[in-house]
Each structure stands twice: as C-alpha cells, then as structure tokens.
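Chains, contacts and geometry: an overview
What follows is the residue order along each chain.
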Amino acid sequence: MIIVLKANTPKEEAKKLVDAIKAKGLQVDISKGARQTVMGLVGNTEVVDVEQIQSYECVDKVMRVEVPYKRASRAFHPQDSVIPVGNSGVTIGGKKLAVIAGPCSIETPDQIEGVAYDVAKAGANILRGGAFKPRTSPYSFQGLGNKGLDMLRDAGRKAKLPVITEIMSADKLPVFLEDGVDIIQIGARNMQNFDLLKAVGKTRKPVLLKRGLSATIEEWLMSAEYIMAEGNHNVILCERGIRTFETYTRNTLDLSAVLAVKRQSHLPIVVDPSHATGKRWMVADLAKAAVAAGADGLMIEVHNDPDRAWCDGAQSITPAMFADLMDSLRKLAPVVGREI
Ligand code: PEP
Ligand code: MN
C-alpha cells in the first residue's frame, strides 16, 4: 500500500500518520521527491483501514500496490534511484551512463592491471574481474580466489577505478568487505540463493544482481526485494540474457526487460551483452542497442588477449574494440538523452 502526501505537509502531521501506521505493526518507507512524498507500507496491510488513512488532513491518495515487490517497485519510489559507488564519485542510475569493463576472470597482476589501464583510458567507470567463478564444469578454471581479489583491488587503485566482483557464498563476505570490493556481484546462477541475498542485504555495499538464466522479471525483482528487505537499497539490476530455444547465441538478450524494469522499478539496470551472446562480434552493436533502449549502463568483458583468456575468451573484446565502442557511445549518448 502507498500513501501520497499533500504538498507542503508539516513534518509533525506526517509523523503522526507514520506513528499510527507503525502502531499497527507495519513498516513505513518514505520517499521524498521534488513534487511529492510517498509513504510505502510493508507488512500485513490488511489491517489498515483505507478510509481512516484517507481522513488524515495530510493525505492526498491511498493506493494498494498490486505487485508482490514493494521496496523495489516504482510505486514506492517514483523517482529513479541513483546508486553511489562508495566515495569514488561514480554513480549508477540517472543521466550518466555507467560502463563496467574488464576480463571475465582475473588471471595475473599484469593482465588485470593492463586491462584496468586500457579500459580506464577509454572511459570506463568501473573495473570488473572474477576471482570466484561459477563454472559449469568443476574441471574448468575456478578463479584465483582471495589472491584474485587482491590483484583486482591493486589494479583498481592504480587505474583509479572502483571494482566489482562476484560473490558465490556468504562466508566470503568479510573478505570482500576487507578487501575493498566496491560493488558485490550476484551472478545469474545465484539470483535465487536467498541466504546469499539476505547476507548482502545486511551490508550497505552496492549489489549488482544479475538476472537468472530462466528468471521472469517478477522473480528477478523479488530477488532485489530480498536484498532491500534487509535494509540495503543499493541494488543495481543486470540483464545478461536468458535461456530460450535459440542456440546460435549463448543466451537471448532480452532488451524489452530494460523497458519493463524501468516501468516497474526505480532501480538502475545495466546490460551485459557479453554473456548474453557469447560472441565477440555482437557485443558492441548490442551495447549500443541497450543504451538506445534506455539502459543505465553496460557490463562488458574486455581482455588483452581474448583468444588466450582463461575464461569466456570468445565473448571478450579487445581493449581497442572497447575504445571504439566508447567513441560510438559518446556520439550515441546525447541522442538518447544520456551523458557518458
Ligand atoms: C560473470 O559476469 O562473470 C558471470 C559469470 O556472469 P553470469 O552470472 O551473468 O553468467
Ligand atoms: Mn564471463
């Protein structure tokens, strides 16, 4: 349920209302916009008498929210959320595009540093690199683990880029926090690992939540809700392709999800054309399509020597291809009302 307050409601009036709602055992999320203040009620709203709420002088409208997600919903928070990435000055959401780039996995200090400098020079805002890799085969390279985290942190510091990396289990959370990971990535395979979602929800670190391989948009937003229900509202969604009957591409990039998410939620959404297609030659054009469709940013796999990458080489672009893409995005962004 949401309550829209009349403009210029005195603080004391609003507080009286909040106290009355809390007394019924509900939680109240307040979202103050430029034009209106919205109160979102979470809990068993059956106990709320709409007529009684309506009788408060400060109340403009009362509406029941039809969707099962609350804090992730646009109704609860009409304005777009802009997520600050620590104190790096980088934000995700809003007018400026966020470009996350780097290799699938961290391999050596030289590799991650080299890519970090290259993507920073081309204009990326955030460095990616996996240290804990969710691989289909247990015999494939599983990532460098803690050593990889150190390499990523050092490379990020040198290139002056905040860093993002994937977490696979909650017991690694203390190491992620100590090691200065700026954004925690929840991979597609863990989108419904509810204990992991709750654990990252207890931190206040930005969390990039990838869409599950076969997840509906509603299931995906419910997973975001798990994180937000624990108090962490710094959630960024990432569309990375879904499983369909098509086998030409690794997955099928669902760009309509960008529009659906923007309508249903205030959370920023970025697009990962690398995992969506599995094909290097498709990445740049689909990155542009994603920006044209309204994505708030991109996640792109970039490798200094993709043909010899330890993971996902076929979908990784070279630093030169990435620099070309950034040039194109600089031309495209203003056409679709964005900055880069
Ligand atoms: C990744 O970003 O490295 C990754 C494993 O992606 P996904 O979870 O989308 O497959
Ligand atoms: Mn990958």
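- Looking at an unreviewed UniProt entry, one finds the protein named 3-deoxy-7-phosphoheptulonate synthase, with Megasphaera intestinihominis as its source organism.

**Re the packing of aromatic side chains**
- Inspection of every chain in the model, using the stated rule, returns three aromatic pairs.
- For the cation-ring pair, Lys279 lies above Tyr248, with the distance from its terminal atom to the ring centre recorded as 4.8 Å.

**What about the site of ligand 1?**
- Around ligand 1, the structure places Arg128, Lys133, Pro134, Glu166, Gln185, Gly187, Ala188, Arg189, Lys210, Arg240, His275 and Glu301.
- Ala188 places a main-chain nitrogen or oxygen 2.8 Å from an oxygen atom of ligand 1.
- Within the side chain of Arg189, one N or O atom sits 2.8 Å away from an oxygen atom of ligand 1.
- Computed on the free molecule, ligand 1 has an accessible area of 300 Å², of which 97% lies beneath the protein chains in the complex.
- Counted by class, the shell around ligand 1 contains two nonpolar, three polar and seven charged residues.

**Concerning the coordination of the manganese ion (ligand 2)**
- Cys104 (SG), His275 (NE2), Glu301 (OE) and Asp312 (OD) make up the full set of protein donors to the manganese ion (ligand 2), lying at 2.0 to 2.3 Å.
- When the donors of the manganese ion (ligand 2) are listed by position in the chain, the intervening gaps give C-x170-H-x25-E-x10-D. Of the two residues, Glu301 is situated in strand β14 (residues 297-301) and Asp312 in the loop between β14 and α11 (319-335); the sequence distance between them amounts to 11 residues. Asp312 matches Glu301 in its accessibility class, with the two residues each being buried.

**Concerning the packing of helix α3 (residues 109-122) against α11**
- The N-to-C vectors of α3 and α11 enclose an angle of 20°; their axes lie 9 Å apart at closest approach. One element, α3, and the other, α11, form an angle in the roughly parallel class. Between α3 and α11 the crossing geometry is right-handed. Packed against α3, whose contacting residues are Asp118, Val119 and Ala122, the element α11 presents Pro319, Phe322, Ala323, Met326 and Arg330 at the interface.
- Within the contact of α3 with α11, the residues separate by chemical class into six nonpolar, no polar and two charged.

**Examining the UniProt feature "domain: DAHP synthetase I/KDSA" (unreviewed entry) in the protein**
- Feature annotation in UniProt places "domain: DAHP synthetase I/KDSA" (unreviewed entry) on residues 84-324, given in this structure's numbering.
- Split by type, residues 84-324 is 37% helix and 15% strand. Its first and last C-alpha atoms lie 27 Å apart.

**Here we look at the side chain of Asp296**
- Turning to its location among the elements, Asp296 is positioned in the loop between α10 (280-292) and β14.
- Among the residues examined, Asp296 registers a relative accessible area of 2% and is labelled buried.
- Aside from chain neighbours lying at most four places away, what touches Asp296 is Gly93, Gly94, Lys96, Leu97, Ala98, Lys262, Pro268, Ile269, Val270 and Arg338.

**Things to note about the pattern of salt bridges**
- Applying the stated criterion to the full structure yields 21 salt bridges.
- The partner of Lys15 in a salt bridge is Asp19, with the nearest N and O atoms 2.8 Å apart. Highlighted residues: Lys15 and Asp19, both in helix α1 (residues 11-22), separated by four residues, approximately one helical turn.
- Look at Asp19 and you get partly exposed, because its relative accessible area is 38%.

**What about the sheet that holds β14?**
- The strand order around the closed barrel formed by eight strands is β7-β8-β9-β10-β11-β12-β13-β14, and the pairing between neighbours is parallel. Sheet twist, expressed as the mean angle between neighbouring strand axes with direction ignored, is 30°.
- Judged from the four bridges that link them, strand β11 (residues 207-210) and strand β12 (residues 235-239) form a sheet pairing that is parallel. Bridge assignment links Val207 to a residue of β12, and that residue is Val235.
- α3 rests against β7 (98-102) and β8 (126-128) of the sheet, and its axis sits at about 150° to β8.
- The sheet contacts of helix α6 (residues 194-201) involve β9 (163-167), β10 (183-186) and β11, and relative to β10 the element is tilted by about 170°.

About the criteria used
Residues numbered from 1 in each chain as written. Chains lettered and ligands numbered in written order. Predicted model: local features only at pLDDT ≥ 70, side-chain atom pairs only at ≥ 80, totals over all residues. Heavy atoms only, no water. Phe/Tyr/Trp six-rings, centres within 6.5 Å; stacked < 30°, edge-to-face > 60°. Lys NZ or Arg CZ within 6 Å of the ring centre and 35° of its normal. Near = heavy atom within 4 Å. Polar contact = N/O pair within 3.5 Å; in protein donor to acceptor, adjacent residues only side chain to side chain. Areas by Shrake-Rupley, 256 points an atom, 1.4 Å probe, with all protein chains shown as cover. Nonpolar A, V, L, I, M, F, W, Y, C, P; charged D, E, K, R; others polar. Donors = N, O, S within 2.8 Å, 3.2 Å for Na, K, Ca; no water. Helix = DSSP H or I, 4+ residues; strand = E, 2+ residues; numbered from the N terminus. Buried < 20%, exposed > 50% of the residue type's maximum accessible area, 1.4 Å probe, protein only. Axes fitted to C-alpha atoms, helices over the stretch in contact; angles between N-to-C directions. Parallel < 35°, antiparallel > 145°, perpendicular 65-115°, else oblique. Left-handed = near helix turned anticlockwise from the far one by under 90°. Contact = heavy atoms within 4.5 Å. UniProt positions renumbered as here; feature names shortened; annotations may be inferred. Salt bridge = Lys/Arg side-chain N within 4 Å of Asp/Glu carboxyl O. Pairing = 2+ DSSP bridges.

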